[in-house]
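# Reading the structure
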Amino acid sequence: QFLDANGDPLVGGKLYTYQSGTTTPLVTYMSTTESVGNQNTNPIILDSRGEANVWITSGPYTFALYDSTDVLIWTANNISSFATLAQLAASGGSALIGFIQSGTGAQARTVQAKLRDTVSPLDFGAVADGVADDTTAWQNAINSGAKVVDGLGKTYKLTSELTGVANQKIQNATILSQTLTADKAIIRWTGTAGAPQTLASNLNAGSDTVTVTTGSAFTIDDWCYLASTELLSPEPVSFGELIRVADISGNLLTFATPPILNYTTAKSATITPITPKKNITLSNIVATGTPDISGTSGFYFSKCSQVLVDNVHTESCDYAHIYFNRCADSAVRNSTGNRTSSSVSVTAGLDYGVGIDTGSYNILVDGYTGSFMRSIIAVGGSDGVCRGLRFTNNFGYNVQAGGIDTHAAAHDVLISGNTIMWGPQQAPGTNQDGIYINCSCPVVTNNYFYNVHRAGIIWQPNAYTTLTVPISGVFDNNVAYAGTLASATRLVPRSGAAPSISLASSRTSYCGGEP
């Protein structure tokens, strides 16, 4: 009801409704039904009681009230509707409530927008009892684009591989993925590679620039992959390495760091732009894989960068618990892996803790514990050289081969502060070493080996035929408490190895066995 200045009903008064702060008419309705036939006139003419049925939309509105002779009585701005309990209880109710974070510069948002920063598989229909199949719910949660997918500490059953996305953290879940098919992973993240471009001229090791056919195919601060048909070693390992693009000027690329190998047109050298999936985090996850199906893995990253795996425990994976394939700038911290399958002998299969291959760059593994697996960390592959690897403060128990195993496809590896041990029930094997190294330029310091069956450390440099950097190794302050078959540190020349190999700072202590 509207009143005049004397407090009497404003009979015949006129109420104009506009978009707030303007004179643009904005419709109102005679009831809650928002239809053309139910619209009020504008202006609305008040009845003999100075009343009218006025239902507004979300607005906001400006109301202007006039008497029957068109004399303005008042105006009011920013008039909005209020939500009913039914509207608040509906699926869109949180969009009707405002939110602003404390602190300088905070921006107003709706409660709905705030809550959607984090999603749960439960939001997408997961049952989370460890029995019902929650695969679709998990994939939909990942695909939502939320920055965080939170399992809320519940247990989920998955029946097929999930596809991960960039810029997302997955946390707080127990995942049972025990029915994977061959070569699948619990979750797989895969970046993209563009079309390879043939180099028009030779690119020498140490050079930080190259001219390509189409510079626009590359992105500053992303990666490219250099490759050729030339073999680094007869293992075999072909030439290849990841290089980050620091600058682009037309078709001239400048690298953040130069390559260590020569890429020649005679060996069909190419350069391929890589668009990695970035900013991926796994945290507080317990996952059980499929141990007796060939090639199944836990968490598989291919052409990814800025990956962090933190406080993740995996069990029973046939190939690798955590795997990096042509990845960069990534880390595994404070995580564990265990082989618990009773159907597969612990002396069979692969079952690596952390696997790294195919020209990966700058990978840290720190504080990882692996048991009853072939190696807790393995570096290999036949396509490309892995560089800038750091393995520190890890623990391996009852491993079946080298506790840490680096094949020829690696260069510039730091292995420090690790402990590898075998229990009394472990049967001696012919290749059970603390650390087994085929690669060039390792630095191996402050490691401890207990109950070793062959050697604490074996360095057997591969027969590098074309490596452009010196082959050298630093071994310092490693301790082996060994059995009668073991030695603390052993250099094993391989047939055809370059004669310039040097063993520097080899001050290894040992107890039992031979130095």
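Described in the following lines is the structure provided in the data block.

### Structural notes on the overall build of the protein
Each helix and strand counted, the protein has three helices and 41 strands in total. Within the protein, the proportion of its 515 residues that are buried is 47%. For the protein, the proportion of contacts with a sequence separation of at least 24, taken over those separated by at least 6, is 68%. Surface summary for the protein: the accessible area is close to 22100 Å², and the carbon and sulfur share equals 52%.

### Things to note about the environment of Asn-477
Its place among the elements puts Asn-477 in strand β39 (residues 472-482). With relative accessibility at 37%, the residue Asn-477 sits in the partly exposed group. Residues Asn-477 and Asn-447, spaced 30 residues apart in sequence, show a C-alpha to C-alpha distance of 7.3 Å.

### Let's talk about helix α3 (residues 135-143)
Within the sequence span of α3, burial applies to Thr-135, Ala-137, Trp-138, Gln-139, Ala-141 and Ile-142. Looking at the buried positions of α3, the neighbouring elements they touch are β7 (118-119), β8 (129-133), β9 (148-157), β10 (162-163) and β11 (168-176). Phi turns positive one or two residues past the end of α3, at Gly-145, with a value near 85 degrees.

### A look at the environment of Asp-412
Relative to the helices and strands, Asp-412 is located in strand β33 (residues 410-416). Between the C-alpha atoms of Asp-412 and Val-443, which are 31 residues apart in sequence, the distance is 7.7 Å. Discounting chain neighbours no more than four positions away, the residues touching Asp-412 are Arg-387, Gly-388, Leu-389, Ser-440 and Cys-441.

### Thoughts on the nonpolar core
Counting residues in each nonpolar core, the largest one holds 62 residues, and the members touching the most others are Phe-299, Phe-301, Phe-324, Ile-356 and Phe-391. Beyond its immediate chain neighbours, meaning those up to four positions away, Phe-299 contacts Ile-186, Ile-187, Trp-189, Leu-282, Ile-285, Ala-287, Val-312, Thr-314, His-321, Ile-322 and Tyr-323. Core analysis: the second largest hydrophobic core is formed by 22 residues, Leu-203, Leu-226, Ala-269 and Ile-271 among them.

### A few points about empty space enclosed by the protein
For the structure shown, the criterion picks out one cavity of 30 Å³ or more. What the largest cavity holds in volume is close to 30 Å³. In this structure, the largest cavity is lined by Ile-142, Gly-164, Val-165, Gln-168, Ile-170, Trp-189 and Ile-280. Of the residues belonging to the lining of the largest cavity, the class tally is five nonpolar, two polar and no charged.

### Remarks on the layout of surface pockets
Roughly 210 Å³ of volume is contained in the second largest pocket. Along its surface, the second largest pocket is lined by Ser-94, Gln-112, Leu-115, Arg-116, Thr-118, Val-119, Asp-123, Phe-124, Ser-144 and Ala-146. Listing elements by their share of the lining of the second largest pocket, those giving two or more residues are α2 (111-115) and β7. Residues of the lining of the second largest pocket, tallied by class, amount to four nonpolar, four polar and two charged.

### Description of the pairing of strand β18 (residues 252-255)
Side chains Leu-253 and Phe-255 of β18 all project onto a buried face; the interleaved residues Leu-252 and Thr-254 project onto a face where none is buried. Here strand β15 (residues 209-211) pairs with β18 via three bridges, running antiparallel. Directly across from Thr-209, in β18, lies its bridge partner Thr-254. The sheet contact formed by strand β17 (residues 237-249) and β18 spans four bridges and is antiparallel. Paired with Asp-247 across the strands is Thr-254, a residue of β18. Between β17 and the antiparallel strand that follows it, β18, lie two residues; Gly-250 among them carries a positive phi value of about 65 degrees.

### Details of the sheet that holds strand β2 (residues 44-45)
A sheet is described by the order of its strands in space; here four strands give the open sequence β2-β1-β3-β4, paired in antiparallel fashion. In this open sheet, the two edge strands, each paired with only one partner strand, are β2 and β4 (72-79). By the bridge criterion, six bridges tie strand β1 (residues 14-19) to strand β3 (residues 61-66) in an arrangement that is antiparallel. Of the residues in β3, the one forming a bridge with Thr-17 is Phe-63.

### A word on the pattern of salt bridges
In this structure the tally under the stated criterion is nine salt bridges. Measuring nitrogen to oxygen at the nearest pair gives 2.8 Å for the salt bridge that ties Glu-241 to Arg-387. Here Arg-387 lies in strand β30 (residues 386-392) and Glu-241 lies in strand β17, a separation of 146 residues in the sequence. Here Glu-241 and Arg-387 have matching classes, each one buried. The closest approach of N and O atoms between Arg-339 and Asp-351, which form a salt bridge, is 3.3 Å. Of the two residues, Arg-339 sits in the loop between β25 (336-338) and β26 (352-357) while Asp-351 sits in the loop between β25 and β26, which places them 12 residues apart along the sequence. One exposure class covers both Arg-339 and Asp-351, and it is buried.

### Here we look at the packing of aromatic side chains
Tallied over the full model, the rule gives 13 aromatic pairs. Relative to Tyr-18, the ring of Tyr-16 has its centre 6.2 Å away and its plane inclined at 10 degrees; by these criteria the two rings are stacked. When the centroid spacing of 5.9 Å and the interplanar angle of 70 degrees are considered together, the rings of Phe-239 and Tyr-263 count as edge-to-face. Of this pair, Phe-239 sits in strand β17 while Tyr-263 is found in the loop between β18 and β19 (270-275), placing the two residues 24 residues apart along the sequence. On the basis of relative accessible area, Phe-239 is assigned to the buried category, the value being 1%.

### Considering a nonpolar patch on the surface
Where nonpolar side chains cluster on the molecular surface, the patch consists of Leu-85, Leu-88, Leu-96 and Ile-97 and spans about 400 Å² of accessible area. Within the element layout of this structure, Leu-96 appears in the loop between α1 (85-89) and β5 (98-99). Judged by its relative accessible area of 52%, Leu-96 is exposed.

Quick notes on the rules
Numbers given to residues run from 1 along each chain, matching the order in which its sequence is written. Where totals are concerned, whole chains, interfaces and linings use all residues; where local detail is concerned, this predicted model gives features only for residues with pLDDT of at least 70, and gives and counts side-chain atom pairs only at 80 or more. Side-chain numbers here rest on the full set of heavy atoms in the structure, without hydrogens or water. What counts as a helix is a DSSP run of H or I of at least four residues, what counts as a strand is a run of E of at least two, and both are numbered from the N terminus. Each residue is assigned to one of three classes by its accessible area relative to the maximum for its type, calculated with a 1.4 Å probe on protein chains only: buried under 20%, partly exposed between the two thresholds, exposed over 50%. Working rule for contacts: check all heavy atoms of both residues, and any pair within 4.5 Å makes them a contact. All accessible areas in this document rest on Shrake-Rupley with a 1.4 Å probe, and a residue is counted as covered only by the protein chains that are shown. In this text, buried Ala, Val, Leu, Ile, Met, Phe, Trp, Tyr and Cys residues form a nonpolar core when linked through side-chain atoms within 4.5 Å. Only protein atoms enter the 1 Å grid used here, on which a cavity is any set of points holding a 1.4 Å probe that cannot leave and a pocket is any open set flanked by protein within 12 Å on both sides along at least five of seven lines; residues with an atom within 4 Å of a point are listed as lining. Grid points are joined across faces, edges and corners, and a volume is the space filled by probe spheres set on the points. Each residue is assigned to one of three groups, with Ala, Val, Leu, Ile, Met, Phe, Trp, Tyr, Cys and Pro labelled nonpolar, Asp, Glu, Lys and Arg labelled charged, and all others, Gly among them, labelled polar. Here, strands pair whenever DSSP counts at least two bridges between them. A side-chain nitrogen of Lys or Arg and a carboxyl oxygen of Asp or Glu constitute a salt bridge if their distance falls within 4 Å. Centres within 6.5 Å make a pair out of two Phe, Tyr or Trp rings, where for Trp the six-membered ring is used; the pair is then stacked when the planes are under 30 degrees apart, edge-to-face when over 60, and tilted otherwise. Candidate patch residues must exceed 30% relative accessible area and have no salt bridge, after which like charges are joined if within 9 Å and Val, Leu, Ile, Met, Phe, Trp or Tyr side chains if within 5 Å.

All we've got here are geometric facts, nothing functional implied.
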